[in-house]
Amino acid sequence: MSRKTRVLEGAALAASFMGPVGCAHDPLTDPPPRGPGYEQEVACTGLMSALHKLGEPEGWTYDRRADMFAYWAELLAPGGDFMLVSGAVRASTSRFLARFPGLSLMEDLAELKRKHEELRLAHAQAVYGCERLSRAFDIEVVAG
């Protein structure tokens, strides 16, 4: 069982204590949406992870979308070899962050926010595509 699967199971358990949950797509039982392939899932994971790294100092401690794309990439991995995913995701994330040579995540928050927005704008079409796909598993929690 991968780390992402354990995280998703924990999130589902936590949500069950919060009240009824309505979800158009149950990521733990349904396959990835049709259309996107392994490469796109890895690219979305890398992009969302890069954006998350630049946003972490603002208090973002967990990017559910990046984990979901990684989970879908594991399901679509060539030859069923899910071990390929972690290396591919690290490489993808590094390619996006290469835009900022000498990046330090300990920089001033305003500077990190500027870089976060610059990365979003530079890859606006890819961000839009990934966010459109991620709506497939947005969970709405209703107080119970």
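What comes next is a walk through the structure. Just so we're clear, the structure is a prediction, and the values are computed from it rather than from any experiment.

## With respect to the environment of A91
Along the chain, the position of A91 falls in helix α4 (residues 84–97). A91 sits 48 residues away from A43 along the chain, and the two C-alpha atoms are 9.5 Å apart.

## Brief notes about the packing of helix α2 (residues 38–55) against α4
The geometry of α2 relative to α4 is characterised by a closest axis approach of 8 Å and an angle of 55 degrees between their N-to-C directions. Here α2 lies oblique to α4, going by the angle between them. As α2 packs across α4, the resulting crossing turns out to be right-handed. The residues of α4 that touch α2, namely those facing Y38, V42, A43, T45, G46, L47, S49, A50, K53 and L54, are L84, V85, A88, V89, S92, T93, F96 and L97. Split by residue class, the contact of α2 with α4 holds 12 nonpolar, 5 polar and 1 charged.

## Side note on helix α5 (residues 109–122)
Under the 1.5 Å per step criterion, the end-to-end length of α5 is 20 Å for 14 residues, consistent within 8% with the ideal 20 Å. Turning to α5, its buried residues number three or more, namely L112, K115, H116 and L119. Projected down its long axis, α5 carries its buried residues within an arc of 105 degrees, all on one side. Seen from the open side of α5, the exposed residues pointing more than 90 degrees away from its buried face are A110 and L121. On its buried side, α5 packs onto α2 and α4.

Reading the values: the criteria
- Within each chain, residues carry numbers counting from 1 in the order of the written sequence.
- Where local features are concerned, this predicted model is filtered to residues with pLDDT of at least 70; where side-chain atom pairs are given and counted, the filter is 80 or more; whole-chain, interface and lining totals use all residues.
- Hydrogens and water molecules were not included; the side-chain quantities draw on all heavy atoms of the structure.
- Secondary structure elements are defined from DSSP: runs of H or I of at least 4 residues count as helices, runs of E of at least 2 residues count as strands, and each element is numbered from the N terminus.
- To get an axis, a line is fitted to the C-alpha atoms, and for a helix only the part in contact is used. The angle between two axes follows their N-to-C directions and goes from 0 to 180 degrees.
- Should an angle fall under 35 degrees it is taken as roughly parallel, and over 145 as roughly antiparallel, whereas 65 to 115 is taken as roughly perpendicular and any remaining angle as oblique.
- In this scheme the handedness of a crossing depends on how the near helix is turned from the far one: anticlockwise by less than a right angle means left-handed, clockwise means right-handed.
- Whether two residues touch is decided by their heavy atoms; if any such pair falls within 4.5 Å, the residues are in contact.
- Under the scheme applied, nonpolar residues are Ala, Val, Leu, Ile, Met, Phe, Trp, Tyr, Cys and Pro; charged residues are Asp, Glu, Lys and Arg; polar residues are all the others, including Gly.
- By this rule the span expected of a helix is its residue count minus one, scaled by 1.5 Å.
- Here the term buried applies to any residue with accessible area under 20% of the maximum for its type, exposed to any over 50%, and partly exposed to those in between, with areas from a 1.4 Å probe on protein chains only.
- Here the arc refers to the directions that run from the helix axis out to each C-beta atom.

Spatial relationships are all this shows, so hold off on functional conclusions.
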